[in-house]
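# Structural features, examined
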Amino acid sequence: MTRIKRGYIARRRRTKLRLFASSFRGAHSRLTRTMTQQRIRALVSAHRDRGKRKRDFRRLWITRINAVIHETGVFYSYNRFIHNLYKKQLLLNRKILAQIALLNRSCLYTISNEIKK
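Residues numbered from 1 in each chain as written. Predicted model: local features only at pLDDT ≥ 70, side-chain atom pairs only at ≥ 80, totals over all residues. Heavy atoms only, no water.

## Observations concerning the overall build of the protein chain
Secondary structure assignment for the protein chain yields 5 helices and 0 strands. Shown N-terminal to C-terminal, the secondary structure of the protein chain runs as helices and strands in the order α-α-α-α-α. Computed over its C-alpha atoms, the radius of gyration of the protein chain comes to 26 Å, more than 25% above the 13 Å expected for a compact globule of 117 residues. When the backbone C-alpha atoms are referred to their principal axes, the protein chain occupies close to 95 × 30 × 20 Å. Across the 117 residues in the protein chain, those meeting the buried criterion constitute 20%. Taking as baseline every contact in the protein chain between residues at least 6 positions apart, the subset at least 24 positions apart corresponds to 39%. A total accessible area of about 9,800 Å² is found for the protein chain, and carbon and sulfur atoms account for 54% of it. Looking at charge distribution, the protein chain has the averaged site of its 31 positive side-chain charges lying 21 Å from that of its 4 negative ones. (Helix = DSSP H or I, 4+ residues; strand = E, 2+ residues; numbered from the N terminus. Rg over C-alpha atoms; globule rule 2.2 N^0.38 Å. Buried < 20%, exposed > 50% of the residue type's maximum accessible area, 1.4 Å probe, protein only. Contact = heavy atoms within 4.5 Å. Areas by Shrake-Rupley, 256 points an atom, 1.4 Å probe, with all protein chains shown as cover. Lys, Arg positive; Asp, Glu negative; His and termini not counted. Charge placed at Lys NZ, Arg CZ, Asp CG, Glu CD.)

And the structure:
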C-alpha cells in the first residue's frame, strides 16, 4: 500500500510562522507552539506601543514648546499660549509648533505677537 502524504497547507502556515519568529531567541524561534505564543505576544506589544508612541511624541512636543515659551518669556504658560492660538484660529498643530520652536525661534516670537494683538 502506498504512503499517503499530508497536504502542504499546515507546512506553509508553519513556514510563515518560522519566518516571523526567526529573529527570536532560543525555543521561541525553534518550537512551533512557543513560536505561536511569542508571535501573539509580539503583535499585542506592537499594537499597544503604536498608541504609546503617539502619546510619547505628543508629550515631547508639548515639553519643547513649553520650554521655549518659558525661556523667551513669550507667554506665562503653555496652555494660555495654545488657548490663544485657538482663539485667533491659527491652526498649527503641536508637532509643527515644536519644530518652529527648535529651528526658528524668531518665527515663534512673531506668532506669539500675532496672538497677543
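## Description of the packing of aromatic side chains
The full count for this structure, using the stated rule, is 2 aromatic pairs. Considering the side-chain rings of Phe20 and Phe24, the 6.1 Å spacing of their centres and the 90° angle between planes classify their relative orientation as edge-to-face. Classification of Phe24 as partly exposed rests on a relative accessible area of 22%. Between Phe57 and Trp61 the ring centres are 6.0 Å apart and the planes differ by 35°, which places this aromatic pair in the tilted class. Of the two residues, Phe57 and Trp61 both sit in helix 2 (residues 32–72), 4 residues apart, roughly one turn of that helix. (Phe/Tyr/Trp six-rings, centres within 6.5 Å; stacked < 30°, edge-to-face > 60°.)

## Section: the pattern of salt bridges
According to the stated counting rule, one finds 2 salt bridges in the structure shown. The partner of Asp49 in a salt bridge is Arg48, with the nearest N and O atoms 3.2 Å apart. By relative accessible area, Asp49 is classed as partly exposed at 32%. A relative accessible area of 48% places Arg48 in the partly exposed class. Across the salt bridge formed by Arg105 and Glu71, the nearest N and O atoms sit 2.5 Å from each other. Pair noted here: Arg105 is in helix 5 (residues 105–116) and Glu71 is in helix 2, with a separation of 34 residues, a long-range link. Overall, Arg105 belongs to the partly exposed group, its relative accessible area being 36%. Relative accessible area serves as the criterion here: at 57%, Glu71 is assigned to the exposed category. (Salt bridge = Lys/Arg side-chain N within 4 Å of Asp/Glu carboxyl O.)

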